[in-house]
Amino acid sequence: MAEPTGGPSGSEDPTARADPATRADPEPGRPSPTVHGVLRSKGYLGLLLISALVGVPVSLAAFWFVGLEHQLQHWIWESLPEALGHDRAPWWWPLPALLLAGLLLAPIVTRVPGRGGHIPVDGLGGPPAPPRTVPGVVLAALACLPLGAVLGPEAPLMAMGGGLALLAVRPSRRAARPQMVPVLGAAGATAAISTIFGSPLVAAVMMIEAAGLGGPQLLLLIMPCLLASGVGALVFTGFGHWTGLSVGALSLPSEPPGGVPDPGDFLWGLPVAVAVTVICVAGQTLGHRVKAFTVGDPERAGPPPTTRQTALRTVLCAIAVGACISAYALLTDRSPEEAALSGQATLGALAADPAAWSVFALLALTLCKTAAWGIALGSLRGGPIFPAVLIGAAVGVVCGPLPGLGTESGLAVGLAAAATAVTRLPVTSTVLAAALLGPEAPDSLPLLLVTAVTSFVVAELLRGRLAPRPPAAQAPAGAPADHAP
């Protein structure tokens, strides 16, 4: 999420002075606007009304987009193989499917305005997408996602929702009040993704955390609070079971909870979280290298690829994604559909019946899907979250038989660790994992909180070590060389 941008250099936005709802920062010497004052302002109430009205068409557009994407996916991966006489998609099916995806995507990323949206390895996107780029985003997503790209629909939905929301305001008004653009774009993006995460609360928390209004200081405050609250909940739960005493925590009458995490879950859960984080960061690192291959890297010397090279390399990367998916089918003799696509259906099947998967199949799924996901992150179009969540779940289920862990706890750790490593939003990842776990979420919250903090810290440390270092400045000729202490 981008921060609100100010007016042109050397000028002042007159609407920002008159309307505290659209003023990013108070003027020097002027008091900050109060919540009461902002709520009474005409501009903010109008913004709320526009957001409510925009939510209806944006949600309808998102519904039809996701519905069409799922219907195409079902037809390509189930109906068409059956029509050709196969019980399921054969092992070679991903190769022509991803080749077609690359051929369809190549002209979009080289010629269509907006280039089909941002590259997934860059995250969920930056500033709200201009309305003129929305058709390209939709076309790129429909070219990639149904044909097997190992990406999710969340990033295209956010770009589409933000771009459509901006259509509700005339360009002249957006130019006169630039502070409105990120707010309205965020509202549209939230409306578009409010259902695909299983809970509207996840989308709202994601926007709040991604906005970064408090800067790094707020994040540095949240992390100790999450960790302390998770450990504190474990202590309260453990002593409650040990002593039989109750602290009268806020709750509704219900059956006694089961499956409460114990110290064994934390003993094994933290190393599992580290392993999931390392795998996800490795996939993202691969994605950055693939991005440099397809569109170039401004931090590296040399000219960027030409338009023709970008198109050709996009097709080659799509074929490589298909090869990874086919490798999974050949190694396991299972359907390639399990390693293709976003992973939503496979995640549901894995959570419903983990025993149906052998350890070898889960390891092959982790390896092949991580490789395909990393390549897709740097070359195709879609969202980065859903495939990573499946990868984390697979690792968690593999580690479930460890003594003292259990499949349920391993699954919870994998979900929270993968989501945190990819989004870099620990609060959002905790809420998302809790939404996926359903009725088991309250018991798993202490483990989810500690896992999210662990994954965030490990991921940031890894990225710091893997980040390219700027080249050292060359000393002038004849100058004495400096010696490091």
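Since we're looking at a predicted model, the values are computed, not measured.

1. A closer look at unusual backbone geometry
Phi is mostly negative for residues that are not glycine, and the peptide bonds are mostly trans.
Here is step 1 of the chain: Even without being a glycine, Arg-115 presents a positive backbone phi close to 55°.
Here is step 2 of the chain: Tracing the backbone through its elements, the reader meets Arg-115 in the loop between α4 (94-111) and α5 (134-144).

2. Comments concerning the packing of helix α16 (residues 407-423) against helix α18 (residues 441-466)
Here is step 1 of the chain: Remark: α16 packs on α18, axes separated minimally by 8 Å, with the N-to-C direction vectors making an angle of 40°. When the interaxial angle is binned, α16 and α18 end up oblique. Where α16 crosses over α18, the handedness of that crossing is right-handed. Between α16, through Ser-409, Ala-412, Val-413, Ala-416, Ala-417, Thr-420 and Ala-421, and α18, the contact on the second element is made entirely by Ser-444, Leu-447, Leu-448, Thr-451, Ala-452, Ser-455, Phe-456, Ala-459 and Arg-463.
Here is step 2 of the chain: Each residue belonging to the contact of α16 with α18 can be placed in one class, and the counts come to 10 nonpolar, 5 polar and 1 charged.

3. With respect to the environment of Ala-394
Here is step 1 of the chain: Its location among the elements puts Ala-394 in helix α15 (residues 385-399).
Here is step 2 of the chain: Separated by 29 residues in sequence, Ala-394 and Leu-365 place their C-alpha atoms 7.5 Å apart.
Here is step 3 of the chain: Ignoring sequence-local partners within four residues, the contact set of Ala-394 consists of Leu-350, Leu-362, Leu-365 and Thr-366.

4. Observations concerning the nonpolar core
Here is step 1 of the chain: Counting residues in each nonpolar core, the largest one holds 108 residues, and the members touching the most others are Leu-157, Ile-193, Phe-197, Val-321, Trp-373 and Leu-380.
Here is step 2 of the chain: Looking at this core, the element that brings in the most residues is α15, giving 12 residues.
Here is step 3 of the chain: Leaving out residues up to four positions away in the same chain, Trp-373 has contacts with Val-150, Leu-151, Cys-280, Gly-283, Gln-284, Pro-384, Pro-387, Ala-388, Ile-391 and Val-422.

5. Comments concerning the environment of Val-54
Here is step 1 of the chain: Structurally, Val-54 can be placed in helix α3 (residues 42-83).
Here is step 2 of the chain: By relative accessible area, which is 8% here, Val-54 ends up buried.
Here is step 3 of the chain: Expressed as a C-alpha distance, the spacing of Val-54 and Leu-166, which sit 112 residues apart in the sequence, is 9.0 Å.
Here is step 4 of the chain: Beyond its immediate stretch of four places on either side in the chain, Val-54 contacts Ala-165 and Ala-168.

6. Some points on empty space enclosed by the protein
Here is step 1 of the chain: Considering all chains together, one arrives at 3 cavities of 30 Å³ or more under this definition.
Here is step 2 of the chain: Considered as a void within the structure, the largest cavity measures approximately 60 Å³ in volume.
Here is step 3 of the chain: Residue lining of the largest cavity: Gly-116, Gly-117, His-118, Val-137, Ala-141, Ala-155, Pro-156, Ala-159, Arg-381 and Gly-382, and that is the complete set.
Here is step 4 of the chain: Of all the elements in the fold, those that place two or more residues in the lining of the largest cavity are α5 and α6 (154-166).
Here is step 5 of the chain: Considering every element that reaches the lining of the largest cavity, the biggest residue donor is α6, with 3 residues.
Here is step 6 of the chain: Residues that form the lining of the largest cavity fall into these classes: 5 nonpolar, 4 polar and 1 charged.

7. Re the side chain of Gln-284
Here is step 1 of the chain: Following the sequence through the fold, Gln-284 ends up in helix α11 (residues 263-294).
Here is step 2 of the chain: Leaving out residues up to four positions away in the same chain, Gln-284 has contacts with Val-121, Trp-373, Leu-377, Ala-421, Val-422 and Arg-463.

8. Quick word on the environment of Val-56
Here is step 1 of the chain: With respect to the helices and strands, Val-56 occurs in helix α3.
Here is step 2 of the chain: The exposure class assigned to Val-56 is exposed, which follows from its relative accessible area of 52%.
Here is step 3 of the chain: Along the primary structure Val-56 and Ala-191 are separated by 135 residues, whereas in three dimensions their C-alpha atoms are 8.2 Å apart.

9. Some remarks on the packing of aromatic side chains
Here is step 1 of the chain: Applying the stated criterion to the full structure yields 2 aromatic pairs.
Here is step 2 of the chain: When the ring centre of Phe-293 is taken as origin, the NZ or CZ atom of Arg-313, which lies over that ring, is 4.6 Å away.
Here is step 3 of the chain: Geometry around Trp-357 places Arg-334 over its ring, the cationic atom sitting 4.1 Å from the centre.

10. A word on the pattern of salt bridges
Here is step 1 of the chain: Taken as a whole, this structure holds 5 salt bridges when the rule is applied.
Here is step 2 of the chain: For the salt bridge of Lys-291 with Asp-122, the shortest nitrogen-to-oxygen distance reads 3.0 Å. Linking Lys-291 in helix α11 with Asp-122 in the loop between α4 and α5, this pair joins segments that are 169 residues apart in sequence.
Here is step 3 of the chain: Where Arg-424 meets Glu-460, a salt bridge forms, and the shortest distance between an N and an O atom there is 2.8 Å. On the criterion of sequence distance, the pair formed by Arg-424 in the loop between α16 and α17 (426-437) and Glu-460 in helix α18 is long-range, its members being 36 residues apart.
Here is step 4 of the chain: Through salt bridges that share partners, Arg-424, Glu-460 and Arg-463 make up one connected network.

11. Some remarks on the packing of α11 against α15
Here is step 1 of the chain: At a closest axis distance of 10 Å, the pairing of α11 and α15 adopts a crossing angle of 145°. Taken as a pair, α11 and α15 cross one another with a handedness that is right-handed. Residue-level contacts link Val-272, Val-276, Ile-279 and Cys-280 of α11 to Ala-388, Ile-391, Gly-392, Val-395, Gly-396 and Cys-399 of α15.
Here is step 2 of the chain: Residue composition of the contact of α11 with α15, grouped by class: 8 nonpolar, 2 polar and no charged.

12. With respect to a nonpolar patch on the surface
Here is step 1 of the chain: On the surface, Trp-91, Trp-92, Leu-95, Leu-99, Leu-103, Phe-293, Leu-312, Leu-316, Ile-319 and Leu-330 cluster together to form a nonpolar patch covering roughly 890 Å² of accessible area.
Here is step 2 of the chain: Among the elements that line the nonpolar patch, the one with the most residues is helix α12 (residues 307-332), at 4 residues.
Here is step 3 of the chain: Inspection of the secondary structure assignment puts Leu-103 in helix α4.

Rules of the game
- Residues numbered from 1 in each chain as written.
- Predicted model: local features only at pLDDT ≥ 70, side-chain atom pairs only at ≥ 80, totals over all residues.
- Heavy atoms only, no water.
- Helix = DSSP H or I, 4+ residues; strand = E, 2+ residues; numbered from the N terminus.
- Axes fitted to C-alpha atoms, helices over the stretch in contact; angles between N-to-C directions.
- Parallel < 35°, antiparallel > 145°, perpendicular 65-115°, else oblique.
- Left-handed = near helix turned anticlockwise from the far one by under 90°.
- Contact = heavy atoms within 4.5 Å.
- Nonpolar A, V, L, I, M, F, W, Y, C, P; charged D, E, K, R; others polar.
- Core = buried A, V, L, I, M, F, W, Y, C linked by side-chain atoms within 4.5 Å.
- Buried < 20%, exposed > 50% of the residue type's maximum accessible area, 1.4 Å probe, protein only.
- 1 Å grid on protein atoms, 1.4 Å probe; cavity = no way out; pocket = protein on both sides within 12 Å on 5 of 7 lines; lining within 4 Å.
- Points joined across faces, edges and corners; volume = space filled by probe spheres on them.
- Phe/Tyr/Trp six-rings, centres within 6.5 Å; stacked < 30°, edge-to-face > 60°.
- Lys NZ or Arg CZ within 6 Å of the ring centre and 35° of its normal.
- Salt bridge = Lys/Arg side-chain N within 4 Å of Asp/Glu carboxyl O.
- Patch = residues over 30% accessible without salt bridge, like charges linked within 9 Å, V, L, I, M, F, W, Y side chains within 5 Å.
- Areas by Shrake-Rupley, 256 points an atom, 1.4 Å probe, with all protein chains shown as cover.

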